[in-house]
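Working through the structure, step by step
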Amino acid sequence: MSDSNFGPPPGNFNDDDSGPPRRGDAERLAPTRRPLVTALVIAAALLVVIAIAAQFWTEVLWYQSVGFTGVFTTQLVTKVVLGLIGGLVTAAMVWSSIHFAYRSRPIYAPSPDTQAMEHYRQLVEPMRRTATVAAPLAVGLFAGLSAATQWDTFLLWRNSNPFGTKDPEFGLDIGFFVFDLPWINFVIAFLTMTLVIGFITAAFTHYLYGGIVAGSKMRSTQAARVHLSVIAAGLVLVRAVAFWVDRYNLATAQSTKITGIQYTQAHADIPTKGILAVAAVMCAIMFLTTIWTRSWRLPLVGVAVLAVIVVAVGGIYPALVQSLKVRPSEKNLELEYIQRNIDATRAAYGVDGIQVASYDTKTVAQPNALRSDADTIPGIRLIDPNIVSPTFKQLQASKGYYQFADVLDVDRYQIDGKPQDTVIAARELDLSGVPEGQRNWLNDHTVYTHGYGVVAAKGNTRESDGSPDFLESQIGTQGALGKYEPRIYFGESSPEYSIVGGNKQEFDYPDPKGTGQISYTYAGNGGVPLDGLKRLAYAVKYREINFLLSDAVTNDSRILDHRTPRERVQRVAPWLTLDGNAYPAVVNGRVLWILDGYTTSSDYPYSESTTLDQATEDAVTSTRNSVRAVQGGQVNYVRNSVKATVDAYDGTVTLYQWDQQDPVLKAWMSIFPGTVKPLSDISGDLMSHLRYPEDLFKVQRDLLQRYHDTNAGSFYGGNNFWRVPDDPTQAEALPQPPYYLSLAMPGQGKPAFSLTSTFMPTGDRNVLSGFLAVDGDAGSQTGKKSPSYGSMRLLDMGGGTVSGPGQVYNEMRSSAVSSKDPQLPTTLAQYIGTTNSNGNAVIFGNQLTLPVGGGLLYVQPIYSQARSQSGSYPRLVAVAVAFGSKIAWASSLDLALNDLFGGSSGAPAGDNGTTPVPTPTPGSTATPTPNPSATGQPAPSGASSAALTQALKDAESAYAEGEAALKRGDFTAYGQAQTKLKDALKRAVDASPQSVPTTKP
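Note that the coordinates shown come from a computational prediction; the quantities given were computed from them, not determined experimentally.

Quick notes on the packing of aromatic side chains
For the structure shown, the criterion picks out 45 aromatic pairs. Summarising the aromatic geometry, the rings of Y489 and Y649 are spaced 5.6 Å apart at their centres and angled 80 degrees between planes, so their arrangement reads as edge-to-face. Highlighted residues: Y489 in the loop between β11 (487–488) and β12 (497–501) and Y649 in the loop between β22 (637–647) and β23 (653–657), separated in sequence by 160 residues. Exposure remark for Y489: the relative accessible area of 0% places this residue in the buried category. Both rings, one in Y538 and one in Y542, keep their centres 6.4 Å apart while their planes meet at 10 degrees; by these two values the pair is stacked. The burial state of Y538 is the same as that of Y542; both residues are buried. What links up through ring pairs into an aromatic cluster is the set F154, W157, W183, F186 and F190. Across the ring face of W658, the terminal group of K785 is positioned such that the distance to the ring centre comes to 4.5 Å.

Here's what the structure looks like:
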């Protein structure tokens, strides 16, 4: 047959397929190039790289600006090294599994058993080389990221310190469990994961290329058997180590009753885990025998035997011990282990040194019962920091663009040489208060840049109109706190970032003359200079072109960002768990934010675990924004190891070593040398404002609900467990917060600035069973904290005969006892009903409990606030007190206590002479006419009468001016009127005959 018989097909007679392809054919066959798509992909990649580079560079600049570059580099290097090692180990395992399985694939003629995989091999072959590299890299990337997250575990292991205490079961130092064991557990888990992935990858590759054939009978090549056996042997060896190490993990294992080793674990689990470890080693050896036996028989036998041992010895035997031996005699057998748990828990949470005393409470209020507590009574705080924030806002904010935290802080200052409990807050910037028409990038970030000053009021007195008695108040003036730098560039409500300096005029504060504003140019060293390419980097970071276009940004400008105290401390000390509240203090002429830092662990053996956010949640954290529960997960070891400060003007972050014995802090100080200053560097002025942290106290009282009982026998029964009472002033069932106040506990020589809380028995009984106080006064000596600081005292009231907070609160609200105060001649229930019906709201403040007079004294300040009036705020109008079953109330604490204790309490409270006027109803014209009988003074006579009359007229005039200013929203004029009113009332008191002061016995 000739070739002419095979002509071209019909329709193609003019085509010449035998010649070279024409240009048009090549253009049709070649893939279309799309330069625009390529350019867009490259541009997108460049933008991503630039964004990452800008973010990285600005991070470095920020850490340089605060002097903590070592923290950033140490974290970065450790994460990179761990990520590379973890990623390379996993990638090497996956690559070697693929490579060896492919290289050792069998070559033989196709058969029915292998034909089924031939199709898949053909599909995989074109991408085999790529997959051999890409698959290990992808798996290694994820493994490396997982390893990098363990940077802190690795660093603690490398820098571990002994605790100096051995655990009772193994005789090992506690540091082994806290520092070494977590890293060992991670390494075991990581190697297990890597070997499992390697085994699966090897088995799949051998199966794909015929090394393993799953036909009527499973067959494998010798190379596949050896390869898989070696990996399996390594995996079983790792599990053998895991069985052995699990013995130590039992020391932190949680059960339904306690944490740690119990009888069954000590006598069954620990021995059996040792047996399992030996059995696993033998099983690994059996896997290796396939190299010589060329059979899976011994490995399969080994796996079967190991599985039987795991089930029988590791599972059934401990269950039999628990059910047949422990359960019938559980109390006697578990007492030793319960005691271990009690001792370890109390040590881990720092309550092992608590002083416990029985307190037989008196329930009858006798005259002069408070005579022996004369130093404590003046320290009773009447101003509630959880309520008076709107009062501070209305009286001291001056303009709408200033704000105060919704929960103020309690501190103490030396006023006229005497310690004075104060309620204090920083006047911070509130951009939402800037008029809408003035909101733009320039104003938000370059004009309105900072707040101004602090406002402080006495904690135990108030003005005659019920407002706080301010020590530090008006903008532009210096009060009792002395001269200080008032500008708040770094605070809890600061804008995300501000651009300052460079001879740019910022808004400082309103001109007191009402003619405009006072301007200011930032002169501090805080923030990062915006010279050179830094402006471009920040423009990319914040996606804001104005960094490059605005003439307000120059090479002399500085950017302030990451400005809240919590964020700044957390960034420079990522190893700290921070308290939920930063509080301001005037220290050495600067406003400092003070924040408590905790070192924590979840690996302290035998110690009970607690969840920080649950333990620190109470009525304040649940209803306010500025104070929040600690976010730290589950822990079983806590120390207040660091006191941190943030300068409100330049943002300087300083960390001070507070707990000099904490091994965890010592480890972190070795990891980040030079970042934590010694205790000796704390100045005396700063020391006087350091206090016992509230969140640590809440965690400790949460544990003390059970662990106040140190007897293992009664602890087992749980009959002596307590609970923290709910806050009676809240509609929801929320734990009552602890309270700061100056207090002398029974047996304590003099009052100390303390943090207090109460306990009730579990169940429905609303009575008190315990009272807890901790000395929170750090002293005022440079580099030396007070020896009594942190001393915890617990009063155990036994079965409880004193009414609980909820019962007292309800009895006060429904009290039919009339006040003996001439200004409040009604019962408290009538007063509440009348006030609420007149368009006002009665607000009950913090319910304070004090162990005085041989019993428990309840003190509850009462506020009133108009519901409908614009600009209204809470005013302290009365104080209710209770002792035993008796209740009294009056317009001052002095009068209420005298009434409660039969006419004379025996101790002046110090708030007499500041009796507030009755709460005015809408439309009323009540004036603050002081009542001589209400102050305990006789009526004036003689020459003082004229001066008193004039002073009262001036007071009436000043009050009218204040009310008029309040109605038109002129708070500056209102503040001036209040000053006049205060002066007039002082003159009225001076013109009155003085009562004889009560003297101490």
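Having put the structure on the table, let's press on.
Points about the sheet that holds β12
Spatial ordering of the open sheet is given by β12-β16-β15, a layout of three strands whose pairing is antiparallel. Because the sheet does not close on itself, it has two edges, and the strands there are β12 and β15 (528–529). Where β12 meets strand β16 (residues 557–561), five bridges bridge the pair, whose relative direction is antiparallel. Each residue of the ladder has a partner; that of I499, found in β16, is I559.

Section: the nonpolar core
The biggest cluster of nonpolar side chains holds 133 residues, and the ones touching the most others in it are W575, L655, L690 and M792. Here this core takes twelve residues from helix α7 (residues 174–208), the largest share from any one element. Not counting chain neighbours up to four residues away, the residues in contact with M792 comprise G350, V351, I354, Q355, Y692, F697, Q700, L704, L772, A773 and V774. Grouped together as the second largest cluster of nonpolar side chains are 82 residues, A425, Y448, V802 and W889 included.

Topic: the packing of helix α2 (residues 35–66) against helix α3 (residues 69–103)
Between α2 and α3, the shortest axis-to-axis distance is 7 Å and the interhelical angle comes to 140 degrees. In terms of their interaxial angle, α2 and α3 are classed as oblique. When α2 is examined against α3, the residues F56, E59, V60, Y63 and Q64 are found in contact with a partner set consisting of T69, V71, F72, Q75 and L76. Class assignment for the residues of the contact of α2 with α3 results in six nonpolar, three polar and one charged.

Remarks on the pattern of salt bridges
All chains considered together, the criterion is met by 22 salt bridges. Between D561 and K541 there is a salt bridge; the shortest N-O distance is 3.6 Å. With D561 in strand β16 and K541 in helix α15 (residues 534–541), the pair connects residues that are 20 residues apart, well separated along the chain. On the basis of relative accessibility, which here comes to 15%, the residue K541 falls in the buried class.

Brief notes about the packing of helix α8 (residues 222–249) against helix α9 (residues 263–288)
At a minimum axis separation of 8 Å, α8 and α9 run at an interaxial angle of 170 degrees. Classed by the angle they form, the pair α8 and α9 counts as roughly antiparallel. Counting all contacts with α8, which are made through S229, V230, A232, A233, V236, L237, A240, F243, W244, D246 and R247, the residues of α9 involved are I270, K273, G274, L276, A277, A280, V281, C283, A284, F287 and L288. Here the contact of α8 with α9 is composed, by residue class, of 17 nonpolar, two polar and three charged.

A closer look at α2
In this model α2 runs 47 Å from its N-terminal to its C-terminal C-alpha over 32 residues, within 8% of the 46 Å that 1.5 Å per residue would give. Along α2, the residues classified as buried are A54, T58, E59, V60, L61, W62, Y63 and V66. Its buried side turned inward, α2 meets α3, β15, α15, β16 and α17 (565–572). Once α2 ends, the next one or two residues include G67, with phi positive near 75 degrees.

Overview of the pairing of strand β9 (residues 454–462)
Burial of β9 is extensive: eight of the nine residues sit out of reach of the surface. Pairing between strand β6 (residues 418–426) and β9: five bridges, direction antiparallel. Residue pairing for β9: A426 is matched across the bridge by V454. For β9 and strand β10 (residues 468–472), the ladder comprises three bridges, and the chain directions are antiparallel. Note that in β10 the partner of A456 across the bridge is E472. Linking β9 to β10, which pair antiparallel, is a turn of five residues; within it G466 sits at a positive phi near 90 degrees.

Observations concerning the environment of F163
With respect to the secondary-structure elements, F163 resides in the loop between α6 (151–158) and α7. Remark: the alpha-carbon pair of F163 and D662, spanning 499 residues in sequence, is separated by 8.1 Å. Setting aside chain neighbours within four positions, we find F163 in contact with D173, I174, G175, V178, F179, Y604, Y637, P663 and V664.

Some words on the sheet that holds strand β5 (residues 409–415)
Pairing between sheet strands relies on hydrogen bonds along the backbone, with the strands arranged either parallel or antiparallel. The strand order across the open sheet built from four strands is β5-β6-β9-β10, with neighbouring strands paired in antiparallel fashion. Both edges of this open sheet fall to β5 and β10, since each of them pairs with a single strand only. Direction aside, neighbouring strands of the sheet carry axes that sit 45 degrees apart on average. Pairing analysis gives seven bridges linking β5 to β6, with the strands arranged antiparallel. By the bridge assignment for β6, D411 is matched with T422. Running over the sheet, helix α13 (residues 389–396) touches β6, β9 and β10 and is turned about 60 degrees from β10.

Some thoughts on empty space enclosed by the protein
Gaps left between atoms are located by rolling a probe of water-molecule size over the structure's atoms. Considering all chains together, one arrives at seven cavities of 30 Å³ or more under this definition. Approximately 210 Å³ is the volume attributed to the largest cavity. Around the largest cavity, the lining comprises 21 residues; the ones closest to its centre are P385, N386, V407, L408 and E694. Those elements that place two or more of their residues in the lining of the largest cavity are β5, α19 (619–623), α22 (694–707) and β26 (739–743). In the lining of the largest cavity, the residues fall into ten nonpolar, four polar and seven charged.

Topic: the environment of G140
Mapped onto the elements, G140 comes out in helix α5 (residues 128–148). Residue G140 is classed as buried on the basis of its relative accessible area, which comes to 6%. Between the C-alpha atoms of G140 and G86, which are 54 residues apart in sequence, the distance is 7.3 Å. If sequence neighbours within four positions are ignored, G140 has contacts with G87, T90 and A91.

Rules and cut-offs
Residues numbered from 1 in each chain as written. Predicted model: local features only at pLDDT ≥ 70, side-chain atom pairs only at ≥ 80, totals over all residues. Heavy atoms only, no water. Phe/Tyr/Trp six-rings, centres within 6.5 Å; stacked < 30°, edge-to-face > 60°. Helix = DSSP H or I, 4+ residues; strand = E, 2+ residues; numbered from the N terminus. Buried < 20%, exposed > 50% of the residue type's maximum accessible area, 1.4 Å probe, protein only. Lys NZ or Arg CZ within 6 Å of the ring centre and 35° of its normal. Pairing = 2+ DSSP bridges. Core = buried A, V, L, I, M, F, W, Y, C linked by side-chain atoms within 4.5 Å. Contact = heavy atoms within 4.5 Å. Axes fitted to C-alpha atoms, helices over the stretch in contact; angles between N-to-C directions. Parallel < 35°, antiparallel > 145°, perpendicular 65-115°, else oblique. Nonpolar A, V, L, I, M, F, W, Y, C, P; charged D, E, K, R; others polar. Salt bridge = Lys/Arg side-chain N within 4 Å of Asp/Glu carboxyl O. Expected span 1.5 Å × (residues − 1). 1 Å grid on protein atoms, 1.4 Å probe; cavity = no way out; pocket = protein on both sides within 12 Å on 5 of 7 lines; lining within 4 Å. Points joined across faces, edges and corners; volume = space filled by probe spheres on them.

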